[in-house]
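Understanding the architecture of this molecule
Chain by chain, the residues:
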Amino acid sequence: MATERTFSIIKPDATERNLTGAINAVIEKAGLRIVAQKRVLMNRREAETFYAVHKERPFFGELVDFMISGPVVVQVLEGDNAVVRYREVMGATNPESAAEGTIRKLYAKSIGENSVHGSDSQDNAKIEIAQFFAGNEIVG
Ligand code: RTP
Ligand code: MG
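Residues numbered from 1 in each chain as written. Chains lettered and ligands numbered in written order. Predicted model: local features only at pLDDT ≥ 70, side-chain atom pairs only at ≥ 80, totals over all residues. Heavy atoms only, no water.

1. Observations regarding the overall build of the protein
Convention followed: Per the convention used, a helix needs a DSSP run of H or I reaching at least four residues, while a strand needs a run of E reaching at least two, with both numbered from the N terminus. Throughout, the radius of gyration refers to the C-alpha atoms, and the reference size of a globule is 2.2 Å times the residue count to the power 0.38. Throughout, exposure labels follow a simple rule: accessible area from a 1.4 Å probe, protein chains only, divided by the maximum for the residue type, with under 20% read as buried, over 50% as exposed, and the rest as partly exposed. Residues are treated as being in contact if the distance between any of their heavy atoms lies within 4.5 Å. For accessible areas, the Shrake-Rupley method is used with a probe of radius 1.4 Å. Any residue's cover is judged against the shown protein chains and nothing else.
Looking only at helices and strands, the protein has seven helices and four strands in total. When its helices and strands are written in sequence order, the protein yields β-α-α-β-α-α-β-α-α-β-α. For 140 residues, the compact-globule estimate of 2.2 N^0.38 gives 14 Å, and the protein sits close to it at 14 Å. Judged by the C-alpha coordinates and their principal axes, the protein covers about 40 × 35 × 25 Å. Residue burial in the protein is summarised as follows: out of 140 residues, 45% are buried. In the protein, 77% of the contacts between residues at least 6 apart in sequence involve partners at least 24 apart. Put simply, the protein shows about 7,500 Å² of open surface, and 49% of that area lies on carbon and sulfur atoms.

This is how it looks when you write it as structure tokens:
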């Protein structure tokens, strides 16, 4: 299996409930290594750029408002097939459909306030990592 990197965000609903450590424990137990991490407050423009792919969707405004409503923790995760593996660890977008033991099943409040983001492809992982981290901030 190929060692790869993915981009993760611990979203405002989770930082608000002091769940950063609990979520990191699930990530690390799943065999993914946190090779970069910082807590930031995204501004509106950053959130709109980050979720530009969803700009025509009815929930876009709500999503951007949510992502800037409080601190987030942005992360780079490394491991075998990290992109797909982290999507499995996160669980389905809607926590009601998420599998037992996944981060969203354990912690998400709703389909919108669903605690974590993970890249959906290797190409997007590279783009998303570059939006938040300089190369020398990632230590594998
Ligand atoms: P993410 O991008 O955050 O990792 O989540 P995802 O791939 O599982 O879901 P995606 O379809 O990319 O949606 C991005 C985020 O938008 C919010 N959302 N709200 N109200 C709604 O119906 C709705 N649908 C999606 C969620 O925060 C979702 O994670
Ligand atoms: Mg997505």
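There is more to say, and it comes next.
2. Comments concerning the UniProt feature "binding site: ATP" (unreviewed entry) in the protein
Applied cut-off: UniProt positions are given in the numbering used here, feature names are shortened, and annotations may be inferred rather than shown by experiment.
Per the UniProt record, the feature "binding site: ATP" (unreviewed entry) sits at Lys11, Phe59, Arg87, Thr93, Arg104 and Asn114. Mapped onto the elements of the fold, phenylalanine 59 is located in the loop between α3 (44–50) and α4 (60–67). Judged by relative accessible area, which is 30%, phenylalanine 59 ranks as partly exposed. Tracing the backbone through its elements, the reader meets asparagine 114 in the loop between α6 (103–107) and β4 (116–118). Of the residues examined, asparagine 114 reaches a relative accessible area of 2% and is grouped as buried. Residues within four places of asparagine 114 in sequence aside, it is in contact with Lys11, Asp13, Thr93, Arg104 and Ala108.

3. A short note on the UniProt feature "active site" (unreviewed entry) in the protein
Sequence positions flagged by UniProt for "active site" (unreviewed entry) are, in local numbering, His117. Mapped onto the secondary structure, histidine 117 falls in strand β4. Under the relative-accessibility criterion, histidine 117 is labelled buried at 10%. Setting aside its immediate chain neighbours within four residues, histidine 117 contacts Phe7, Ser8, Ile9, Lys11, Phe50, Tyr51, Tyr86, Met90, Arg104 and Glu128.

4. With respect to the site of ligand 1
Keep this limit in mind: When at least one non-hydrogen atom of a residue lies within 4 Å of a molecule or strand, that residue is treated as near it. Distance and chemistry together define a polar contact, namely a pair of N or O atoms within 3.5 Å, with one atom able to donate a hydrogen and the other to accept it when in protein, and with adjacent residues in sequence counting only for side-chain atoms on both sides. When residues are grouped by polarity, Ala, Val, Leu, Ile, Met, Phe, Trp, Tyr, Cys and Pro land in nonpolar, Asp, Glu, Lys and Arg in charged, and all others, Gly among them, in polar.
Ligand 1 sits among 14 residues. The nearest are His54, Thr93, Gly112, Asn114 and His117. In this structure, an oxygen atom belonging to ligand 1 sits 2.9 Å away from a side-chain N or O atom of lysine 11. Between ligand 1 and asparagine 114 there is a distance of 2.9 Å, counted from an oxygen atom to a side-chain nitrogen or oxygen. When the free accessible area of ligand 1 is taken as 560 Å², the share hidden by the protein chains comes to 81%. Elements supplying a minimum of two residues to the shell around ligand 1: α5 (82–90) and β4. Of the residues belonging to the shell around ligand 1, the class tally is five nonpolar, six polar and three charged.

5. Some details on the pairing of strand β3 (residues 72–80)
We apply this condition: Strand pairing is assigned whenever DSSP detects at least two bridges linking the two strands.
Summarising burial for β3: eight of the nine residues are buried, a large majority. Note that strand β1 (residues 3–10) and β3 share eight bridges and pair antiparallel. Bridge assignment links arginine 5 to a residue of β3, and that residue is glutamate 78. Pairing geometry for strand β2 (residues 33–40) and β3, over seven bridges, is antiparallel. What sits directly across from lysine 38, in β3, is valine 74.

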